[in-house]
Amino acid sequence: MEDAEFGALLGALLEESHHLPVEGVPALLSRAAQQLGLDEANLYLADVQQERLMPLGTSADDHGAGLLVDATLPGWTYRTLSLQVAENDQDGLTAWLPLMDGIERVGVLGVRARSLDTTMLGRCRALASLATLLVVSRSLYSDTYLQVQRARQMQLPAEMVWAFLPPRTVGTQQVTSSAVMEPAYDIGGDAFDHSLSDKVLHATIIDAMGHDVASGMAAALALAGCRVARRAGSGLSEIVETIDQALARWLPRRFITAIFAHLDLISGRLSWANCGHPPPLLIRGQHVITGALEHHAELPLGLGPGYPDVPRHIHQTQLEPGDRVLLHTDGVTDARSGTGEVFGEERFTDFIIRATAAGEPAPEALRRLLRAILVHQHGRLDDDTTILLFEWHPQPNTGVGTT
């Protein structure tokens with residue numbers, strides 16, 4: 001197939017996909033693979049806990065389906081974002097390619113063929129990119145997409161919170177921000193948010209009191225309040241005030257702790273408000289800069305009348321290129337083993353430092369960290385556990401350090 005024919009094939013696939021439900025994507029992809037000369041092509045999507053890669057179309061009742069992320073070649077592709085090729089049992093080759101929505105990991109594409117050369121692998125990458133677009137674009141209105149990602153039923157508070165959350169990972173050439181959250185199916189009041197413009201990263205982490213539907217409502221209300229103020233051009237002080245007033249009005253006696261942060265992507269200037277939350281942690285090189293982002297504790301949001309109406313402080317510091325900032329809820333450091341041993345801040349930060357020093361991207365480092373916390377608590381968390389990590393990595397000649 002000539003390059004012009006391949007381009008026409010991709011155009012025809014896009015045209016045919018306009019009125020196609022997500023359930024029709026695998027068949028469309030299979031026909032395209034045959035036209036390319038491949039024997040087979042299959043889509044696998046990561047489940048919500050990033051433990052398995054589930055074939056598109058698998059129902060939530062098929063608990064044994066899927067490929068283990070930590071114990072298979074396609075899992076290696078997902079973890080490292082690298083192409084993997086191996087001989088298969090049909091005297092041919094199987095290639096595994098990552099499915100990426102921007103820098104967010106979605107799953108993998110598996111293709112089988114009698115032979116694979118450089119040109120064919122390039123076309124398989126293009127096919128993987130197109131397949132990702134077709135699947136993700138339907139995720140906003142397709143229950144099938146979400147069902148594939150779930151191994152069991154989502155509890156009501158968790159369903160409410162997940163509906164408000166952004167992708168786990170966002171980024172540009174200047175910054176990467178990634179987050180994880182457990183227990184995925186039974187999250188109560190934790191939430192995170194991150195969004196990007198060409199000059200600013202906004203990052204938020206929230207911990208609502210309790211572990212019930214009202215906690216999920218408080219977290220969702222806080223996310224909505226943050227976004228409505230942010231999208232109106234408001235700064236951190238107005239964001240905090242908007243959420244505080246909304247909680248006091250609509251969910252009295254429900255409070256949250258939170259951190260709201262803005263990072264100027266050009267200058268590296270970090271601004272943040274800490275509302276009764278564990279302080280952010282600054283990792284520079286291979287060390288935590290002790291106390292760098294700690295300030296006098298302020299009250300949580302939503303306490304309502306009867307508490308001092310004191311102005312909130314907006315803190316600022318200057319980051320250096322390569323700096324990483326960790327936001328987390330107390331479920332991370334307070335996680336206890338069966339003998340009462342806490343996971344602790346030192347073990348938490350040491351894990352991140354070692355993982356990133358070994359070259360692991362932030363999404364994979366956080367995924368493995370959550371697995372370590374789960375193992376520490378023998379697979380059962382006593383509290384919601386949420387971590388958000390962002391790294392400022394400006395490119396040369398972008399005016400770093402200017403104002």
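Residues numbered from 1 in each chain as written. Predicted model: local features only at pLDDT ≥ 70, side-chain atom pairs only at ≥ 80, totals over all residues. Heavy atoms only, no water.

- Going by an unreviewed UniProt entry, the chain carries the name Serine/threonine-protein phosphatase and comes from Streptomyces humicola.

## Structural notes on the layout of surface pockets
Logical step 1: For the largest pocket, the calculated volume is near 750 Å³.
Logical step 2: Residue assignment for the lining of the largest pocket shows that the elements contributing at least two residues are β6 (104–113), α5 (143–148) and α6 (156–164).
Logical step 3: It is α6 that provides the largest number of residues to the lining of the largest pocket, a total of 4 residues.
Logical step 4: Of the residues in the lining of the largest pocket, the class split is 14 nonpolar, 2 polar and 6 charged. (1 Å grid on protein atoms, 1.4 Å probe; cavity = no way out; pocket = protein on both sides within 12 Å on 5 of 7 lines; lining within 4 Å. Points joined across faces, edges and corners; volume = space filled by probe spheres on them. Helix = DSSP H or I, 4+ residues; strand = E, 2+ residues; numbered from the N terminus. Nonpolar A, V, L, I, M, F, W, Y, C, P; charged D, E, K, R; others polar.)

## Some words on the sheet that holds strand β10 (residues 200–208)
Logical step 1: On the basis of which strands lie adjacent, the open sheet formed by 5 strands has the order β9-β10-β11-β12-β15 and antiparallel pairing. Both edges of this open sheet fall to β9 (190–196) and β15 (315–318), since each of them pairs with a single strand only. Strand-to-strand twist in this sheet, taken as the mean axis angle between neighbours without regard to direction, amounts to 15°.
Logical step 2: Sheet strands in contact with helix α7 (residues 213–231) are β9, β10 and β11 (256–264), and its direction is about 160° off that of β10. (Pairing = 2+ DSSP bridges. Axes fitted to C-alpha atoms, helices over the stretch in contact; angles between N-to-C directions. Contact = heavy atoms within 4.5 Å.)

## Remarks on the packing of aromatic side chains
Logical step 1: Counting across every chain of the model gives 1 aromatic pair.
Logical step 2: Taking 5.7 Å as the distance between ring centres and 65° as the angle between the ring planes, the aromatic pair formed by Tyr44 and Trp96 counts as edge-to-face. Note that Tyr44 is positioned in strand β1 (residues 40–46) and Trp96 in strand β5 (residues 93–101), a separation of 52 residues in sequence. Side by side, Tyr44 and Trp96 carry an identical accessibility label, which is buried. (Phe/Tyr/Trp six-rings, centres within 6.5 Å; stacked < 30°, edge-to-face > 60°. Buried < 20%, exposed > 50% of the residue type's maximum accessible area, 1.4 Å probe, protein only.)

## A look at the pairing of β6
Residues in a regular strand point their side chains to alternate faces of the sheet.
Logical step 1: Buried residues dominate β6, accounting for 9 of its 10 residues.
Logical step 2: Note: β1 against β6, 6 bridges, orientation antiparallel. Of the residues in β6, the one forming a bridge with Leu43 is Leu109.
Logical step 3: Note that β5 and β6 share 9 bridges and pair antiparallel. Bridging from a neighbouring strand, Pro98 pairs with Val108 of β6.
Logical step 4: Remark: 2 residues form the turn of the hairpin made by β5 and β6, two consecutive strands paired antiparallel; Gly102 in that turn has positive phi of roughly 70°.

## Quick look at the side chain of Glu364
Logical step 1: Within the secondary structure, Glu364 is located in helix α11 (residues 362–376).
Logical step 2: When sequence neighbours within four positions are dropped, the list of residues in contact with Glu364 reads Arg79 and Arg105.

## Notes on the nonpolar core
Logical step 1: Judged by nonpolar contacts, the single largest core of 51 residues is most densely connected at Trp162, Ile243, Ile256, Phe260, Leu263 and Leu270.
Logical step 2: When near neighbours in sequence (up to four residues on either side) are disregarded, Trp162 contacts Val48, Met154, Arg168, Met181, Ala184 and Ile187.
Logical step 3: Counting residues in hydrophobic clusters, the runner-up holds 39 residues, among them Leu38, Ala65, Met120 and Leu134. (Core = buried A, V, L, I, M, F, W, Y, C linked by side-chain atoms within 4.5 Å.)

## Observations regarding helix α2 (residues 25–36)
Logical step 1: For α2, which comprises 12 residues, the first-to-last C-alpha distance of 16 Å matches the rise-based estimate of 16 Å (1.5 Å per residue) to within 8%.
Logical step 2: Looking at α2, one finds that the buried residues are Val25, Leu28, Leu29, Ala32, Ala33 and Leu36. Buried residues of α2, viewed axially, fall in a sector of 140°; they line one side. Counted as exposed and oriented over 90 degrees from the buried face of α2: Gln34 and Gln35.
Logical step 3: Of the surrounding elements, those touching the buried residues of α2 are α1 (3–17), β1, β6 and α4 (118–136). (Expected span 1.5 Å × (residues − 1). Arc of directions from axis to C-beta.)

## Some details on unusual backbone geometry
Logical step 1: For the peptide bond that leads from Glu182 to Pro183, omega is -5°, which places it in the cis range.
Logical step 2: Tracing the sequence through the fold places Pro183 in the loop between β8 (175–182) and β9.

## Thoughts on the confidence of the model for the chain
Logical step 1: Residues at a pLDDT of 70 or more form 95% of the chain, whose mean pLDDT is 90.
Logical step 2: Least confident of the elements in the chain is helix α9 (residues 330–333), whose mean pLDDT is 77; most confident is β15, at 98.
Logical step 3: A low-confidence stretch, residues 58–63 (pLDDT under 50), is modelled with 10 contacts involving residues beyond four sequence positions or located in other chains. (pLDDT = per-residue confidence, 0-100.)

## Section: the pattern of salt bridges
Logical step 1: The tally for this structure, following the rule as stated, stands at 19 salt bridges.
Logical step 2: The salt bridge involving Glu159 is made with Arg150; its shortest N-O contact spans 2.8 Å.
Logical step 3: Salt-bridge contacts for Arg367 lead to Glu364; the nearest nitrogen and oxygen are separated by 2.9 Å. On the criterion of helical spacing, the pair formed by Arg367 and Glu364 is a turn pair, its members being 3 residues apart in helix α11.
Logical step 4: Look at Arg367 and you get buried, because its relative accessible area is 1%.
Logical step 5: Residue classification places Glu364 among the buried positions, given a relative accessible area of 3%. (Salt bridge = Lys/Arg side-chain N within 4 Å of Asp/Glu carboxyl O.)

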